[in-house]
Amino acid sequence: MSRLPRTLLYLVFAVILLSRSFPVGESAIGVNWGTISFHRLKPSTVVDLLKDNMITKVKLFDADPDALAALVGSGIEVMVGIPNEMLAALSSSTDASDLWVRQNVSRYVFKGGADIRKWLFFLLILDLGLHFGVDFEWIDMDTCKAVLCKVIHKEVKLSVIELGSLPNVALLYFMVPMNKDRILQTFLTRYSLIPYNDRYVAVGNEPFLTSYSGQFQSLVVPALLNLQQSLVKANLAGYVKLVVPCNADAYESSLPSQGAFRPELTQIMTQLVSFLNSNGSPFVVNIYPFLSLYGNSDFPQDYAFFEGSSHPVTDGSNVYYNAFDGNFDTLVSALNKLGYGQMPIVIGEVGWPTDGAIGANLTAARFFNQGLINHVLSNKGTPLRPGFPPMDIYLFSLLDEGAKSVLPGNFERHWGIFSFDGQAKYALNLGLGNRLLKNAKNIEYLPSRWCVADPFKDLTNVANHMRIACSVADCTTLDYGGSCNGIGANGNISYAFNSYYQLQMQNAQSCDFDGLGMVTFLDPSVGDCRFLVGVTDHKKSLAFRPTHRRTTIWISILWWIWFFQML
C-alpha cells in the first residue's frame, strides 16, 4: 500500500493565550481604580500593584490617558468609564461619539507608531507531517513578498484581513476554517494591542440614581446607540462591549421574587436590556450592603455580612441569609419580568469602607470583603441562580481617594483595600491560594517629617486655621466614628495642620499657621490614627516620559497536519 498518494494539508489556526489569569466562564475579582486623590501614585506603580496581586480586571471611572497608557500591554482587562456629564454630548452628536472612540479606544489599538504600517507574516517550518512550528515578526512589504515566494507552498492560499480604521495595516494569515473576526479579535487581545480583553466601556455611572431626579435618564440609550455606531465605524464593535453601571435603587421590592424596576424606568430599562442582550453585554449593578446598614438603624447588622443571620428573609421556599444575595436576586426577578431572566450580571461596585463612620473600620471591611470573595468564588450562586454567581465582581475600591466629595458621608474617602500610598490596610485573600495582599513597591514618599501644633503656643484662636486646613485637606478621620476621633483637641489640631502640610508638598510656609505650627521629625501617629506623609507628584515624575518602547512579542501557534491516504 502506497503511503500519502495525495497529501491534503489543513492548516488550523489556534492562538494559545499565555495569560493564565483569564479563565473563560469563571468569576473573577476585579477592582475599581479611582483617581480623586490628593496624593496620586504613578499609574505605572498602580499597574505594578495590580500585577503583583494578580488582579486581572480593573474598572476606571473615566478615560484617564495616563492610566490607560500604563495599562496597555499589562494583560489586565479594563472597563473604562464615561462620566454622566458627557452623556448629553454623546447622545446628541455622532461626531462627539466618534471623537470619544478615536481618542479613548482606537488610539490604543496598536502600539509603536510607524510599526503598524507593516504586514504580519508567518514563517512556515515543516516538521515531517507531525506539526508545523511557526514564528513571526514585523517586516516590510518587499521582504514579506520575497520570503513568501521562498517558503510558502504555491498551493496554500493566502488572505488578508483589512483593518478599516487603519487601512495601511493588514493581518496576513493562512486560509483556515476559522471566523475572520475571531482571528482578528484573538490577535488584538493576545498581544494587548488594545488594553481591553473583554473590553467594556461603561456609559455613565449610576445614571438612574434617584438623587439625580431623572437628569440623565433620557440620555443613556441615545448615547449607547451613537457609541455603538462609532465602534462599528472603527471596526471595534465586535471587541468592545458597552455597559451601563446601575445603582441598586433602579429596582425595588420587599422580597427578591417580586423585584421590578422602578415604574418610571420600565420603558428605558426595556430598551437598555434589549440593547445589552443584542450586543452580548452583561447587566452591571452596584450593590452596597454597607449603605443599607448605614442608612437604616433597623437594618440587621449580621444580614450585611456572609456568616449567616439571625434575621433571614424568607421568600416562599427560598431563604436569604445575607443582603447581597437578596439584592442580587431582586435584580434577577426584575430582569425576568422584562423577559431577560438569564442575562449575565456583573457587580460593578461592592465593598466596605474602613473609616469615617460608625461601622466603617478595618475589622468590618475585612470581614465583609473576605466573606464576599469566598461566597462568590464558591460558585454556590443565589437561590434564583444556584450554581451561577455573578460573572465578575469589582471591589470598591483599590485605593483610598482623599479628595472625593463627602456629601454621602465621610466614609466616601475610605473605601480602598489599600491606603492612598498602596499599602494594604488588612489581610485579604483574593482567592489565589494562600496569597494575601502585597504592598506597592518603590513608593516615592516625601521626607519623613510632619507638621504639628506647637505645644508652647496659645492655641485659643486656632479654630479658623483648622477650618481652612480641613476645607482643603482631608480631615474626615477626625469626625465621629473616625479612627482619629479620640486623639484629643491638640491631636486634632496637629492632624489638621499635617494634612494641609503634606498636601502642600511640605512647603515650609504651609506649616506656619501664624506661628502655631512646627515641623517635627517624630511620627505623631497614635494607635490606628495615622499621620500621613505625602508622596511625590506623579505628574512631575512622568514629565517627558517616552511614549514608545520596544516590545518583544512571543507566541505559540499550533499547526496540525492531517494526512488522508487514498486507496
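An account of the accompanying structure is given in this report.

The rules we used
Sequence order sets the numbering: in each chain, residues are counted from 1 along the sequence as written. Selection of residues for local features in this predicted model requires a pLDDT of at least 70, selection of side-chain atom pairs for listing and counting requires 80 or more, and totals for whole chains, interfaces and linings are taken over all residues. Calculated side-chain values reflect all of the structure's heavy atoms, with hydrogen atoms and water omitted. A run of H or I in DSSP becomes a helix once it reaches four residues, and a run of E becomes a strand once it reaches two; helices and strands are each numbered from the N terminus. For each residue, the accessible area found with a 1.4 Å probe, counting protein chains only, is set against the maximum for its type, and the residue is called buried under 20%, exposed over 50%, and partly exposed in between. By the convention used here, residues are in contact when the closest approach between their heavy atoms is within 4.5 Å. For every accessible area listed, the method is Shrake-Rupley and the probe measures 1.4 Å; residues are considered covered only by the protein chains on display. One less than the number of residues in a helix, times 1.5 Å, gives the span that helix is expected to have. Within 3.5 Å is the distance limit for a polar contact, defined as a pair of N or O atoms, with the added protein rule that one can donate a hydrogen and the other accept it, and that residues adjacent in sequence qualify only through two side-chain atoms. Strands pair, by our definition, only if DSSP identifies at least two bridges between them. Pairs of cysteine sulfur atoms within 2.5 Å are what we label disulfides. Paired rings are identified among Phe, Tyr and Trp, the last through its six-membered ring, by centres lying within 6.5 Å, and are further divided according to the angle between planes into stacked (under 30 degrees), edge-to-face (over 60) and tilted (the rest). Throughout this description, the term nonpolar core refers to a set of buried Ala, Val, Leu, Ile, Met, Phe, Trp, Tyr and Cys residues connected via side-chain atoms within 4.5 Å. Each axis is a line fitted through C-alpha atoms, and for a helix only the stretch in contact is used; angles between axes span 0 to 180 degrees, taken between their N-to-C directions. Should an angle fall under 35 degrees it is taken as roughly parallel, and over 145 as roughly antiparallel, whereas 65 to 115 is taken as roughly perpendicular and any remaining angle as oblique. Each crossing gets its hand from how the near helix is turned against the far one by less than a right angle, where anticlockwise is left-handed and clockwise is right-handed.

Bringing the overall build of the protein chain into the picture now. Scanning the protein chain from terminus to terminus reveals 14 helices and 22 strands. Residues classed as buried in the protein chain amount to 52% of the 567 residues present. Restricting to contacts in the protein chain with at least 6 residues of sequence separation, those with at least 24 account for 71%. Entry remark: accessible area of the protein chain is about 27100 Å², with carbon and sulfur atoms responsible for 54%.

Attention now goes to helix α11 (residues 362-377). When the terminal C-alpha atoms of α11 are compared, their 22 Å separation across 16 residues agrees well with the 22 Å that a helix rising 1.5 Å per residue should span. Among the residues making up α11, those that are buried are Ala364, Ala365, Phe368, Asn369, Gln370, Gly371, Leu372, Ile373, His375 and Val376. The inward-facing, buried residues of α11 contact β1 (28-33), α9 (289-295), α10 (323-337), β16 (345-350), β17 (381-382) and β19 (392-395). For α11, the capping residue at the N-terminal end is Asn361, with a side-chain oxygen 3.2 Å from the backbone nitrogen of Thr363.

Further remarks concern the sheet that holds strand β13 (residues 283-286). The nine strands lie next to each other as β9-β8-β3-β2-β1-β19-β16-β13-β10, forming an open sheet whose pairing is parallel. The open sheet has two edge strands with one neighbour each: β9 (241-243) and β10 (246-247).

This part is about the state of the cysteines. Under the defined criterion, the tally for this structure stands at three disulfides. With a sulfur-sulfur separation of 2.1 Å, Cys470 is cross-linked through a disulfide to Cys475. Judged by the sign of its S-S torsion, about -85 degrees, the cystine formed by Cys470 and Cys475 is left-handed. Residue pairing for Cys484: its cysteine sulfur links by disulfide to Cys529, the two sulfurs lying 2.0 Å apart. Note on the Cys484 and Cys529 pair: the S-S dihedral is about 100 degrees, so by sign convention the disulfide is right-handed. Pair noted here: Cys484 is in the loop between α12 (463-472) and α13 (489-503) and Cys529 is in the loop between β21 (517-520) and α14 (538-541), with a separation of 45 residues, a long-range link. A residue is classified by how much of its surface remains accessible, and Cys484, at 1% relative accessible area, is buried.

Applying the stated rule across the entire model yields 24 aromatic pairs. Seen in terms of ring centroids, Phe290 and Tyr294 are 5.7 Å apart; in terms of plane orientation they differ by 20 degrees. Their pairing is stacked. One end of the pair is Phe290 and the other is Tyr294, both in helix α9 and four residues apart, which spans about a single turn. The buried category is assigned to Phe290, whose relative accessible area is 1%. Ring centres of Phe290 and Trp352 lie 5.1 Å apart, and the angle between their planes is 75 degrees; on these two criteria the pair is classed as edge-to-face. Residue Phe290 is located in helix α9, and its partner Trp352 is located in the loop between β16 and α11; the two are separated by 62 residues in the primary sequence.

Our focus in this paragraph is unusual backbone geometry. Most peptide bonds are trans, and most residues other than glycine sit at a negative phi. Residue Phe396 is joined to Ser397 through a cis peptide bond whose omega torsion reads 0 degrees. Mapped onto the fold, Ser397 is located in the loop between β19 and β20 (450-453). Even without being a glycine, Met54 presents a positive backbone phi close to 55 degrees. Within the fold, Met54 resides in the loop between α1 (43-52) and β2 (57-60). Backbone geometry at Asp514 places phi at a positive 55 degrees, although glycine is not the residue there. The residue Asp514 is located in the loop between α13 and β21 in this model.

The next point concerns the nonpolar core. Membership of the largest hydrophobic core comes to 108 residues, with the highest contact counts inside it found for Trp33, Trp100 and Phe283. Residue contributions to this core peak at seven residues, all from α10.

This paragraph deals with α10. The end-to-end C-alpha separation of α10 is 21 Å, in line with the 21 Å expected for 15 residues at 1.5 Å each. Taking burial as the measure, the 15 residues of α10 include twelve buried ones, the bulk of the element. Turning to α10, its buried residues number three or more, namely Ala323, Phe324, Asp325, Gly326, Phe328, Asp329, Thr330, Leu331, Val332, Ser333, Ala334 and Leu335. The opening residue of α10, the one whose side-chain oxygen lies 3.2 Å from the backbone nitrogen of Phe324, is Asn322. Where α10 terminates, the next one or two residues include Gly339, which has phi positive at roughly 90 degrees.

Before going further, it helps to spend a moment on the packing of α12 against α13. The contact between α12 and α13 brings their axes to 9 Å, and the two run at 45 degrees. Classified by the interaxial angle, the pair formed by α12 and α13 is oblique. At the point where α12 passes α13, the crossing takes the left-handed sense. On α13, the residues touching His465, Met466, Ala469, Cys470 and Val472 of α12 are Asn492, Ile493, Ala496, Phe497, Tyr500 and Leu503.

Glancing now at the environment of Leu255. Residue position: Leu255 is located in the loop between β11 (251-252) and β12 (260-261). Judged by relative accessible area, which is 23%, Leu255 ranks as partly exposed. Linking Leu255 and Gly316, residues 61 residues apart in sequence, is a C-alpha distance of 9.4 Å. When residues no more than four places from it in sequence are discounted, the contact partners of Leu255 are Val313, Thr314 and Asp315.

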